[in-house]
Amino acid sequence: MRLKKCLSFVLMSLFCLGAALPAAAADLVKVPTAWLPGQEAFPIWYAKQQGWDKAAGIDLQIYAFDSGADALRAFPARSWVFGGLGAVPAMLGALRYNMSVIGLGNDEAMANAVMVRADSPILKTKGYNKDYPNVYGSPESVRGKTILCTRVTSADYALHLWLKALGLKESDIVLKNLEQAPALTAFDYNIGDAVVLWAPFTFVGDKRGWKTVGTPKDMGKHLPIVLVANTAYATQYPDVTATFLTLYLRGVDWLQTAPREEVVKQFQKFYLDWAGQDYSTDLINLNFDTYEFFNLEAQKKLFSTSAGPSQVQQWQSELAEFFASVGLITEQNRKELQSSSYVTSKYIDMVTPKAVTKQ
């Protein structure tokens, strides 16, 4: 996996700056994209496997990153122009790097979880905050505990929601910043009192007997993986942008309509190829119980501004408000992000049902 990632970064250097732009002499437009090792990458991986990209006149380059923060560091050099990120790094990308949100990957509100070992004292209290009856923990059982978390990610959001539900702040705990795979390994070796993971790492934690004490869904929140774009690139090449979304949504249509046995088989191949993990059928089926994918019809509704700010704009605005409230972005940042104008329906509106459903 490490060799694969090193090769990815070597290849990415070839596409920096102007190399990502369509060349008049080229038969195919090379389109570098960024993804995390989660199931939201499946639709674009499947589109690439089927050769749909080349049939549409582009050559998707699919690069792996450990986290949204990791991907953000590569974004300013134009190492990638489209990708799938958590709502939190997408918000920061808009603030710092002129990034746009152009589509949805899924809702991972159930997949980001604060997890503890089965003998944790945190499990002794459930429903401390009456507004969130399924959340475990109390100020006394959590204060001073060491928690492993990947900063500037959806996991970070899940952690702060959980702390706020218990009337705590980040300063009340000891926070260790680790990428997901190292966090999983460290917690397995009894380092830390809690760990914040997203799928598929949460599935591994479940298998090891760890218990979930809180998810954003438990706190009544949505937490989308969003499809993002380099705004300047998307503006200059709207047709390429719409083609990227079409390929992604064609993959979504396939996984929602194909026989479950075939979908599970392809997901197993995807996880082995993409994340180096050999998952059982039961674990793959957990994906479908945990995540919600959005087809074209759902996406157009969620991005619609016909009655005011779209649902996606509202979700992103809530994130900005929350992170300002816990001091992770400034009040000036919050004001800049308040309208969520970086969330646009322009490109999803260019996608047609006929293009998405053809197999």
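Each value, and the rule that gives it
Counting restarts for each chain: residues are numbered from 1 in the order of the written sequence. Residues qualify for local features only when their pLDDT is at least 70, as the model is predicted, and side-chain atom pairs are given and counted only at 80 or more; totals for whole chains, interfaces and linings, by contrast, use all residues. Side-chain numbers come from the whole structure's heavy atoms, not from hydrogens or water. Secondary structure is summarised from DSSP: a helix means a run of H or I of at least four residues, a strand means a run of E of at least two, and numbering begins at the N terminus for each. Between the two quantities, the radius of gyration covers C-alpha atoms and the globule rule is 2.2 Å times the number of residues to the power 0.38. Contact definition: two residues touch when any of their heavy atoms are within 4.5 Å. Note on areas: Shrake-Rupley with a 1.4 Å probe; residue coverage comes only from the protein chains shown. His residues and chain termini do not enter the charge count, which takes Lys and Arg as positive and Asp and Glu as negative. Throughout, a charge is located at the NZ atom of Lys, the CZ atom of Arg, the CG atom of Asp or the CD atom of Glu. Orientation is described by lines fitted to C-alpha atoms, with helices fitted over the stretch in contact, and by angles between N-to-C directions that extend from 0 to 180 degrees. Geometric relationships in this document are graded by angle, where less than 35 degrees denotes roughly parallel, more than 145 denotes roughly antiparallel, 65 to 115 denotes roughly perpendicular, and other angles denote oblique. Just so you know the grouping, Ala, Val, Leu, Ile, Met, Phe, Trp, Tyr, Cys and Pro go in nonpolar, Asp, Glu, Lys and Arg go in charged, and all remaining residues, Gly too, go in polar. Strands are labelled as partners when DSSP assigns at least two bridges between them. Each residue carries a pLDDT score, the predictor's confidence in it, ranging from 0 to 100. Here a cavity means grid points, on a 1 Å grid over the protein atoms only, where a 1.4 Å probe fits yet cannot get out; a pocket means an open set of points with protein on both sides within 12 Å along at least five of seven lines; lining residues are those with an atom within 4 Å of a point. Grid points are joined across faces, edges and corners, and a volume is the space filled by probe spheres set on the points. Domain borders in the structure are assigned automatically or taken from a domain database. Reported buried area values correspond to the accessible surface (1.4 Å probe) lost by two parts on association, with both partners' losses combined. Every case where a carboxyl oxygen of Asp or Glu lies within 4 Å of a side-chain nitrogen of Lys or Arg is listed as a salt bridge. Here a polar contact means two N or O atoms within 3.5 Å. Within protein one must be a hydrogen donor candidate and the other an acceptor candidate, and residues neighboring in sequence count only if both atoms are side-chain atoms. Each residue gets one of three labels from its accessible area relative to the maximum for its type: buried under 20%, exposed over 50%, partly exposed in between, using a 1.4 Å probe on protein chains only.

K.L.:
In this structure, what is going on with the overall build of the protein? I would like to understand it.
P.N.:
Of the regular secondary structure elements, the protein holds 17 helices and eleven strands. Taking 2.2 N^0.38 as the reference for a compact globule, 359 residues should give roughly 21 Å; the C-alpha atoms of the protein span a radius of gyration of 20 Å, in line with that estimate. Along the first, second and third principal axes, the C-alpha set of the protein runs to 65 × 45 × 35 Å. Long-range pairs, those at least 24 residues apart, make up 79% of the contacts in the protein with a sequence separation of at least 6. As presented, the protein carries roughly 15000 Å² of accessible surface, and 51% of it is formed by carbon and sulfur atoms. In the protein, 35 positive and 34 negative side-chain charges are present, and the distance between their average locations comes to 2 Å.

K.L.:
It is not clear to me how the packing of helix H5 (residues 87-97) against helix H15 (residues 311-325) should be interpreted in this structure. Could you clarify?
P.N.:
Two numbers describe a pair of packed helices, the interaxial angle and the distance between the axes. Running from N to C, H5 and H15 point in directions that differ by 85°, and their axes come no closer than 10 Å. When the axes of H5 and H15 are compared, the pair comes out roughly perpendicular. In contact with Ala87, Val88 and Met91 of H5, H15 contributes Gln316, Leu319, Ala320 and Phe323. Across the contact of H5 with H15, the residue classes tally to six nonpolar, one polar and no charged.

K.L.:
When you look at the sheet that holds strand E5 (residues 113-116) in this model, what are you seeing that I'm missing?
P.N.:
Here five strands make up an open sheet; going across it, the order is E7-E6-E8-E5-E9 and the pairing mixed. Each end of this open sheet is capped by a strand with a single partner; those strands are strand E7 (174-177) and strand E9 (211-214). Sheet twist, expressed as the mean angle between neighbouring strand axes with direction ignored, is 30°. In this sheet, E7 lies alongside strand E6 (residues 146-149) in parallel orientation, the contact comprising four bridges. Counterpart to Cys149 in the pairing with E7 is Asn177. Running at roughly 150° to strand E8 (residues 194-197), helix H8 (residues 180-188) makes contact with E5, E6 and E8 of the sheet.

K.L.:
Sorry if this is basic, but what is going on with the confidence of the model for the protein here?
P.N.:
Across the protein, the average pLDDT comes to 90, with 92% of residues at or above 70. Contacts from residues 1-25, a stretch scored under 50 in pLDDT, to residues over four places away or in other chains number 38 contacts.

K.L.:
I'm lost on empty space enclosed by the protein in this one. Help?
P.N.:
Over the atoms rolls a probe the size of a water molecule, and its path tells where empty space is left. Under the counting rule described, the total for this entry stands at one cavity of 30 Å³ or more. Considered as a void within the structure, the largest cavity measures approximately 80 Å³ in volume. Of the residues contributing to the lining of the largest cavity, the split by class is seven nonpolar, five polar and two charged. Counting only domains with at least three residues in the lining of the largest cavity, you end up with domain 1 (29-107 + 224-357) and domain 2 (112-219).

K.L.:
Where do I start with the domain arrangement of the protein in this structure?
P.N.:
Interfaces are frequently sized by the accessible area removed from exposure as the parts join. Domain annotation of the protein identifies domain 1 (29-107 + 224-357) and domain 2 (112-219). Look at where the C-alpha atoms of domain 1 and domain 2 centre, and you get two points 25 Å apart. Taken together, the contacts link 24 residues of domain 1 with 18 residues of domain 2. Across the interface of domain 1 and domain 2, roughly 1700 Å² is buried in total on both sides, 73% from carbon and sulfur atoms. Our count for the contact surface shared by domain 1 and domain 2 stands at zero salt bridges. At the junction of domain 1 and domain 2, the tally comes to three residue pairs in polar contact (both at pLDDT 80 or more).

K.L.:
Which parts of the structure should I look at to understand the pattern of salt bridges?
P.N.:
If charged atoms from side chains of opposite charge come close, those side chains can pair. Overall, the coordinates contain ten salt bridges when judged by the stated rule. Here Arg151 makes a salt bridge to Asp156, at a shortest N to O gap of 2.9 Å. Its relative accessible area of 2% is what places Asp156 among the buried residues. Close ionic contact of Arg208 with Asp188 constitutes a salt bridge, the shortest N to O distance being 3.2 Å. Of this pair, Arg208 sits in the loop between helix H9 (201-207) and E9 while Asp188 sits in helix H8, and the two are 20 residues apart along the sequence. On the basis of relative accessible area, Asp188 is assigned to the partly exposed category, the value being 38%. Each of the salt bridges in this network shares a partner with another, and the network as a whole consists of Lys30, Lys48, Asp53 and Asp59.

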